[in-house]
Amino acid sequence: MRWLRFVILILVATILQKGMLARWDYKPDLLIVLLVFFAVYSHTSEAIISSFTIGFAADLIGSPLPMGPHMISFGLLGTLLAYVHRVVAIRRKPYQALAIFVVGLVAAVLTHLLALVFKREPLPENVLTAVLLTSLFSSLVGPFLFPPAAWCVGIEMNRFQRRSRR
Amino acid sequence: MLFTWLMLAGCILLFAPQSLTGKLQLAFVDIFRWPLSLGGNVALTARTQQSYDGDLGGGEARLRNYIVNLEQTLDQQRKKFQGLYGKYNTYVWEGADWVSAGVITRAVDGPRNELTIDYRKKKGLAEGQYVLGGESVVGTISDVFPQMRTARVKLFTDATSKIPVLLAGVPNILKGGDGPFARVEQVKTKVEVGEEVFALRKAGFLDAPIIVGRVSRCERNPREASVWDVTVVPACDIQHLEDVAVIIMNPKAG
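Fair warning: this is a prediction, and the values are worked out from it, not measured in the lab.

**As for the packing of helix α2 (residues 30–41) of chain A against helix α5 (residues 93–119) of chain A**
Residue and element names in this part refer to chain A.
Here is step 1: Contact geometry for α2 and α5: axes closest at 9 Å, N-to-C directions at 120°. By the angle between their directions, the pair α2 and α5 is classed as oblique. Seen from above, α2 lies across α5 with right-handed handedness. Contact with α2, carried on its side by Ile-32, Val-33, Leu-35, Val-36 and Val-40, involves Gln-96, Ala-99, Ile-100, Val-103, Gly-104 and Ala-107 of α5 and no other residues of that element.

**As for helix α1 (residues 2–15) of chain B**
Here is step 1: Taking 1.5 Å per residue as the helical rise, α1 of chain B with its 14 residues ought to reach 20 Å, and the 20 Å between its terminal C-alpha atoms agrees with that figure.
Here is step 2: Turning to α1 of chain B, its buried residues number three or more, namely Leu-6, Gly-10, Leu-13 and Leu-14 of chain B. Around the axis of α1 of chain B, the buried residues are gathered within 100° of arc, so they sit on the same side. Looking at α1 of chain B, the residues exposed on the side facing more than 90 degrees away from the buried face are Thr-4, Trp-5, Leu-8 and Phe-15 of chain B.
Here is step 3: Elements in contact with the buried residues of α1 of chain B: α3 (44–60), α4 (69–87) and α5 of chain A together with α2 (18–31) of chain B.

**Notes on the environment of Ile-49 of chain A**
Here is step 1: Position of Ile-49 of chain A relative to the elements: it lies in helix α3.
Here is step 2: The spatial distance from the C-alpha of Ile-49 of chain A to the C-alpha of Thr-79 of chain A is 8.8 Å, given a sequence separation of 30 residues.

The rules we used
- Along each chain, residue indices are assigned from 1 in the same order as the chain's sequence is written.
- Think of it this way: whatever chain is written first is A, whatever ligand is written first is 1, and the rest follow in order.
- Local features are withheld for residues below a pLDDT of 70 in this predicted model, meaning they are given only at 70 or higher, and side-chain atom pairs are given and counted only at 80 or more; totals for whole chains, interfaces and linings count all residues.
- In this analysis an axis means a line fitted to C-alpha atoms, helices contributing only their contacting stretch, and an angle means the value between N-to-C directions, from 0 to 180 degrees.
- Where helices and strands are cited, they refer to DSSP runs of H or I of at least four residues and of E of at least two residues respectively, numbered from the N terminus.
- Note on terminology: angles under 35 degrees are roughly parallel, angles over 145 are roughly antiparallel, angles of 65 to 115 are roughly perpendicular, and the others are oblique.
- Put simply, a crossing is left-handed when the front helix is turned counterclockwise from the back one by less than a right angle, and right-handed when it is turned clockwise.
- The contact criterion used here is simple: two residues whose C-beta atoms, placed from the backbone, lie within 7 Å are in contact.
- In this scheme, a helix's expected span is set at 1.5 Å multiplied by one less than its residue total.
- The burial criterion counts other C-beta atoms lying within 10 Å of a residue's C-beta, which is placed from the backbone; the residue is buried at 20 or more, exposed at 12 or fewer, and partly exposed between these limits.
- Along the arc lie the directions from the helix axis toward the C-beta atoms.

Given below as structure tokens:
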């Protein structure tokens, strides 16, 4: 993976998420989409680094939530997904959408729980609805963002496909 | 091993004081203020294509808020004049300073509502100062980063916000809700929908009542039927605010 391109991609996604997308009522979480993308299409060690880095980026724009919960939850889930992907390949778009939906849901709940337990951040009543909607939009948009993301960081998307045909 | 180190880094961030990590978040916004606000402008342009739904536009709402504030101030001044007859009467905003600030980022749709603003005056901003947008109170300063001339505004709709207000002539506490609204709980009398809610005078921070929002709903408290829960929506369109003003009541010389 080309790390400089990775950093630029994450930076662009973070700025878009905090800037342009922040004004939209219903929006996908680009960072969750990228988290799943790197967990699925990169090597395990790269997936771990990228998961924590994306979590850190989410923390930077996560204000007023404190820093830390995103990094931990994204790191945990990204690592877990990378290991799951070793056993069960997530290649088709519907499966990728499902992975984004589940990871988005669990990551958001875990983030809010960590913030509640360690920082006493209030857990809002409508958190589940908001999280469900964001995860849904992310899962609908996410699989279509994988090819441009792969092109940006120089990852060959069909390398796993070729390996499975042997 | 890699996982353990990164997890440790995450835990350090989590347990670090929020005053410190908050500065990191503000620094990020400050460094990328241009692309962040540019993104906002693009989104605004896209949203202007939507059909007009009959609500007051930004300009009209601003004027209406201005008139309501003047009326309330006039009313307060009249009472003060009557009460302190014979004494010297000072204009409420005399000596106050206003700091104009641009909105860099906003989070207004979730339970945690805040703005990050870019202020142009180097000194004078402090936590707790009232912030006006569209001639109405939108929140208070929650964090200041003077080196970067950036500050955070906790909106009155934020779930952790509590500000004293005047509702139907009675002092109350306005608490943030779980969305773009706030609540006044356990009001003893029923309040009409559309009634204006004013921020109460607070020594050193606000010397005149300023409109905060309007009552959008008034329903009986589910636990105690004799009292009412009032929902208040902002008096201006916070989602599309481009500039705000911070009130500094007692600016230091120099």
